[in-house]
Amino acid sequence: MREGFPLPDLQWEPTREYWAGAAAGELRMPRCTACRRFCWYPDGNCRGCGAEQVTWERMTGRAKLFTWVVLEHAFLPQYGRDLPFVSALVALEEAPGVRVPTRIVECAAEDLAIDQPLEVCFRPLRFAGVDGEVVAPFFRPIARLSVA
Ligand SMILES: [Zn+2]
């Protein structure tokens, strides 16, 4: 098993820019330079046109909640200390077909709703018994403006 697992491998080329963006406080997505389609998950040629070249673009970080689960049991012992947490797929505002795996924070699980507006926030990902941490894009509800 890779050292640091289950922390993400920051050197793995297809997602290196995703993690570099998170470290810089930006949500970045790969976009095909030929047809402009967002190419997530970035694991090969563009699924739209087959081109190889992508450029990474900064996203607004706004999204809608597509689906989620509440994890209450550790499927790996390294996850033990974070339980329970909400693992989710979110659909990005600029690219609703892109579903980003993430965690939802700053919200009780029972208050979550389909299509709930979210915004990105950046949190250290840490695991029990694993040295180091990696800043990851998580999402939280967009704060409603209080009505006087
Ligand atoms: Zn393309």
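Residues numbered from 1 in each chain as written. Predicted model: local features only at pLDDT ≥ 70, side-chain atom pairs only at ≥ 80, totals over all residues.

S.K.: Would you mind showing me how to read the overall build of the chain here?
M.R.: Scanning the chain from terminus to terminus reveals one helix and seven strands. In sequence order, the chain lays out its α and β elements as α-β-β-β-β-β-β-β. Over its C-alpha atoms the chain spans a radius of gyration of 16 Å, differing by no more than 12% from the 15 Å that the globule rule assigns to 148 residues. On the principal axes, the C-alpha backbone points of the chain span a range of 50 × 40 × 25 Å. Burial status across the chain gives 21% buried among its 148 residues. Partitioning the intrachain contacts of the chain with sequence separation of at least 6 by distance along the chain shows that 51% fall at a separation of at least 24. (Helix = DSSP H or I, 4+ residues; strand = E, 2+ residues; numbered from the N terminus. Rg over C-alpha atoms; globule rule 2.2 N^0.38 Å. Buried ≥ 20, exposed ≤ 12 C-beta atoms within 10 Å, placed from the backbone. Contact = placed C-beta atoms within 7 Å.)

S.K.: Help me understand helix α1 (residues 13–23) in this model?
M.R.: Because an α-helix completes one turn every 3.6 residues, residues spaced three or four positions apart along the sequence face the same direction. Of the residues making up α1, those classed as buried are Tyr-18, Trp-19, Gly-21 and Ala-22. All buried residues of α1 lie within an arc of 155° about the axis, which places them on one face of the element. Turned more than 90 degrees away from the buried face of α1 sit Glu-13 and Ala-23, all of them exposed. Buried-residue contacts for α1 involve β1 (28–32), β2 (54–58), β6 (117–125) and β7 (134–141). (Arc of directions from axis to C-beta.)

S.K.: Where do I start with unusual backbone geometry in this structure?
M.R.: Outside of glycine, negative phi angles account for most residues, and trans bonds account for most peptide bonds. A cis geometry characterises the amide bond from Phe-5 onward to Pro-6, with omega recorded as 10°. Checked against the element boundaries, Pro-6 lands in the segment before α1. At Arg-36, a residue that is not glycine, the phi angle is positive and equals roughly 70°. When the 12 C-beta atoms within 10 Å are taken as the criterion, Arg-36 is described as exposed. In this structure, Glu-106 takes a positive phi of about 60° despite not being glycine. With respect to the secondary-structure elements, Glu-106 resides in the loop between β5 (99–104) and β6. Glu-106 gets classed as exposed once you count the C-beta atoms within 10 Å, which come to 11.

S.K.: What is the right way to look at the nonpolar core in this model?
M.R.: As a rule of thumb, nonpolar side chains are buried together in soluble globular proteins. Among the nonpolar cores identified, the biggest contains 21 residues, and Cys-39, Trp-40, Val-90, Leu-92, Val-98 and Phe-139 are the most heavily contacted of them. Every element with two or more residues in this core is listed here: β1, β3 (62–71), β4 (85–92), β5, β6 and β7. The greatest single-element share of this core, amounting to three residues, is contributed by β4. Residues contacting Phe-139, with those up to four places away along its chain left out, are Ala-63, Val-90, Thr-102, Ile-104, Leu-118, Glu-119, Val-120 and Cys-121. (Core = buried A, V, L, I, M, F, W, Y, C linked by C-beta atoms within 7 Å.)

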